[in-house]
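Each chain, written out:
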Amino acid sequence: MEERIRVTLPSGEMIKNWYNVKADLPFKLDPPLNPKTGKIITPKELSAIFCPSIIEQEATDERYIKIPEEVLREYAVFRPTPLIRASFLEEYLGTPAKIYYKYEGASPTGSHKTNTALAQAYYNARDSVEQLVTETGAGQWGSALTYAGVKFGLKVRVFMVRVSYNQKPMRKHMMKLFGGDVLESPSDETESGLRFLKDDLKHPGSLGIAISEAIETVLKSGKSKYALGSVLDHVLLHQTVIGLELKKQLKLINETPTVIIGCHGGGSNFGGTILPFVLEKLSGQEIRFLACEPESCPTLTEGEYRYDYGDSSGFTPLLKMYTLGKDFVPPKIHAGGLRYHGSAPIIAKLLEEKLIEAENFPQEETFQAARLFSKVEGIIPAPETAHAIAGVIREALKAKTMKKEEVIVFTLSGHGLLDLSAYS
Ligand SMILES: *Cc1c(COP(=O)(O)O)cnc(C)c1O
């Protein structure tokens, strides 16, 4: 029997720079457009909702961006996250594949979202912003941002999608514990919210609607800025800390991954994991990248590649992405963090260029995967992460049929300890 392996990193090997894949891509991304004029959006126009440091990062072509000391200090609380060999899952499946997972559930709020939340809170505080306003689906982003806000002295207001607010009250308690101000979305505090409440007082909400409410709040108040937990280039940039650590950890144990897998909501944990490996693929190394999404919100597998709004009311810049349309209201699936109509422009472009693949998974298959993983590995994954695990199981069983020694690596984006009601 193989030894169980748990890999961290020596302190000298800690990641000090984020990686910007745009510096290495052999093609250009289509720029964000102003939603009113349809012209390329200017930094000045973006400054209505984002602080200057974030705008600069969104546009930069530098290959490496130094992680500020203040952020490194916060990262040191939970990074490097461990890379763990899922040997019990391998044995259970009887697969010749090796399976490893990068455990982002080790962060203070239980998911990868703190990686970008801490960075965004730091830059906004440095740029003299007083309040950050945002939306949250399942509550992971809201809890990560309220945590980061309290660390850097910022107030945080969160519009939480109503269906999650009611199904997942634990996350709401967590945000309040960190001093956050949490509202059910659609709310009666914004015109965008009222527009949806008019038709249905118990409207389940969606991320698109909650984003509209957050941006409207920012546009109407002074020292407030907006923070987004996924999709945009700077968010994927911050998340590359995952893939960069992973690369060093795999090197320490002499492994070369053949398939890297992540679940896909807006593309940040998947992007953060695979982007540091894209250059290898471009130089001819045999490696596959697989994004896993719900059958009920099949953005990458069934969406259209075109410009679309990031929210339901058309406040955000137009982004070139795979989209199900801004008016898509996903069914009330439990994997709240994957209920988004769009995708990160970087991920969309990589899919269009066939550098990555995407598959979708029915809810039952993902719950089965989560149940099996919990039983054999002892870690209860977030329902979002369960899609990645379902993908891993499909790949491991394929390797068994074809008798192939794959090295499958996936990001376990978050634990599901606050999602147990969804499982029961
Ligand atoms: C938010 C979230 C996701 C989905 O968002 P991405 O930007 O696609 O990563 C996946 N897993 C967890 C645990 C999340 O909190």
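Conventions and cut-offs
Residues numbered from 1 in each chain as written. Predicted model: local features only at pLDDT ≥ 70, side-chain atom pairs only at ≥ 80, totals over all residues. Heavy atoms only, no water. Helix = DSSP H or I, 4+ residues; strand = E, 2+ residues; numbered from the N terminus. Rg over C-alpha atoms; globule rule 2.2 N^0.38 Å. Contact = heavy atoms within 4.5 Å. Lys, Arg positive; Asp, Glu negative; His and termini not counted. Charge placed at Lys NZ, Arg CZ, Asp CG, Glu CD. Near = heavy atom within 4 Å. Polar contact = N/O pair within 3.5 Å; in protein donor to acceptor, adjacent residues only side chain to side chain. Areas by Shrake-Rupley, 256 points an atom, 1.4 Å probe, with all protein chains shown as cover. Nonpolar A, V, L, I, M, F, W, Y, C, P; charged D, E, K, R; others polar. Salt bridge = Lys/Arg side-chain N within 4 Å of Asp/Glu carboxyl O. Buried < 20%, exposed > 50% of the residue type's maximum accessible area, 1.4 Å probe, protein only. UniProt positions renumbered as here; feature names shortened; annotations may be inferred. Pairing = 2+ DSSP bridges. Axes fitted to C-alpha atoms, helices over the stretch in contact; angles between N-to-C directions. Expected span 1.5 Å × (residues − 1). Core = buried A, V, L, I, M, F, W, Y, C linked by side-chain atoms within 4.5 Å. Phe/Tyr/Trp six-rings, centres within 6.5 Å; stacked < 30°, edge-to-face > 60°. Lys NZ or Arg CZ within 6 Å of the ring centre and 35° of its normal.

### Details of the overall build of the protein
Summing up its helical and strand segments, the protein has 17 helices and 15 strands in all. Expected size for 424 residues packed as a compact globule is a radius of gyration near 22 Å; at 20 Å, the protein falls within 12% of this value. Taking all contacts inside the protein whose residues are at least 6 apart in sequence as the whole, residues at least 24 apart take part in 76%. The average position of the 50 basic charges and that of the 52 acidic charges among the side chains of the protein differ by 2 Å.

### A few points about the site of the ligand
The immediate surroundings of the ligand are formed by 18 residues, with Lys-113, Ser-230, Gly-265, Ser-268 and Ser-413 found nearest. Interatomic distance of 3.1 Å between a side-chain N/O atom of His-112 and an oxygen atom of the ligand. At 2.5 Å from an oxygen atom of the ligand is found a side-chain nitrogen or oxygen belonging to Ser-230. In the complex, the protein chains occlude 98% of the 380 Å² of accessible area that the ligand would expose alone. Of the residues in the shell around the ligand, the class split is three nonpolar, 13 polar and two charged.

### Overview of the environment of Leu-351
In this fold, Leu-351 is placed in helix 14 (residues 345-352). Considering only alpha carbons, one finds Leu-351 and Tyr-123, 228 residues apart in sequence, at a separation of 31 Å. Every residue in contact with Leu-351, bar those within four places of it in the chain, is listed here: Leu-300, Tyr-322, Ile-356, Glu-357 and Ala-358.

### Side note on the pattern of salt bridges
This structure, assessed with the given rule, holds 27 salt bridges. A salt bridge links Arg-63 to Asp-24, with the shortest nitrogen-to-oxygen separation between them at 2.5 Å. Of this pair, Arg-63 sits in the loop between helix 2 (52-59) and strand 3 (64-66) while Asp-24 sits in the loop between strand 2 (17-19) and helix 1 (43-46), placing them 39 residues apart in sequence. Among the ionic pairs, Glu-216 bridges to Lys-220, the shortest N-O distance being 2.7 Å. Of the two residues, Glu-216 and Lys-220 are both situated in helix 10 (residues 207-220); the distance of four residues between them amounts to about one turn of the helix. We classify Glu-216 as buried; its relative accessible area is 6%. If you follow the salt bridges from partner to partner, you end up with Arg-79, Lys-102, Glu-104 and Glu-245 in one network.

### Let's talk about the UniProt feature "modified residue: N6-(pyridoxal phosphate)lysine" (unreviewed entry) in the protein
Following the UniProt record, one finds the feature "modified residue: N6-(pyridoxal phosphate)lysine" (unreviewed entry) at Lys-113. Mapped onto the secondary structure, Lys-113 falls in the loop between strand 5 (98-103) and helix 5 (114-126). The exposure class of Lys-113 is buried, given its relative accessible area of 14%. When residues no more than four places from it in sequence are discounted, the contact partners of Lys-113 are Gln-140, Trp-141, Ala-144, Gly-229 and Gln-239.

### Regarding the sheet that holds strand 8 (residues 181-185)
Taken together, the four strands give an open sheet; going across it, the order is 8-7-6-9, and neighbouring strands pair in parallel fashion. The sheet is open, and its two borders are formed by strand 8 and strand 9 (224-226), each paired with just one other strand. For this sheet the average axis-to-axis angle between neighbouring strands, irrespective of direction, equals 25°. Where strand 6 (residues 131-136) and strand 7 (residues 155-161) come together, six bridges link them in parallel fashion. Pairing of Glu-135 across the sheet is with Phe-159, part of strand 7. Running over the sheet, helix 10 touches strand 6, strand 7, strand 8 and strand 9 and is turned about 165° from strand 6.

### Points about the sheet that holds strand 5
The strand order across the open sheet formed by seven strands is 1-4-5-15-10-11-14, and the pairing between neighbours is mixed. Both edges of this open sheet fall to strand 1 (6-7) and strand 14 (357-361), since each of them pairs with a single strand only. The strands touched by helix 11 (residues 233-252) are strand 1, strand 4 (83-85), strand 5 and strand 15 (407-412); relative to strand 5, the strand with the most contacts, the crossing angle is about 140°.

### A few points about helix 10
The end-to-end C-alpha distance of helix 10, which contains 14 residues, comes to 20 Å, matching closely the 20 Å that a straight helix rising 1.5 Å per residue would cover. All of the buried residues in helix 10 are Leu-207, Gly-208, Ile-209, Ala-210, Ile-211, Ser-212, Glu-213, Ala-214, Ile-215, Glu-216, Thr-217 and Val-218. Tucked inside the fold, the buried residues of helix 10 contact strand 6, strand 7, strand 8, helix 9 (191-199) and strand 9.

### A few points about the nonpolar core
Formed by 91 residues in total, the largest nonpolar core has its most connected members in Trp-18, Tyr-226, Ile-274, Phe-289 and Leu-350. Top contributing element to this core by residue count: helix 11, with seven residues. Not counting the four nearest positions on each side in its chain, Phe-289 is found in contact with Ile-260, Phe-270, Ile-274, Phe-277, Val-278, Lys-281, Leu-355, Ile-356 and Glu-357.

### Quick word on the packing of aromatic side chains
Tallied over the entire structure, the rule returns twelve aromatic pairs. Taking 6.0 Å as the distance between ring centres and 80° as the angle between the ring planes, the aromatic pair formed by Phe-373 and Phe-410 counts as edge-to-face. Remark: Phe-410 occurs in strand 15 and Phe-373 occurs in helix 15 (residues 363-377); sequence separation between them is 37 residues. Exposure class is identical for Phe-373 and Phe-410. Each is buried. It is Lys-247 that lies over the ring of Phe-277; its NZ or CZ is 5.4 Å from the centre.

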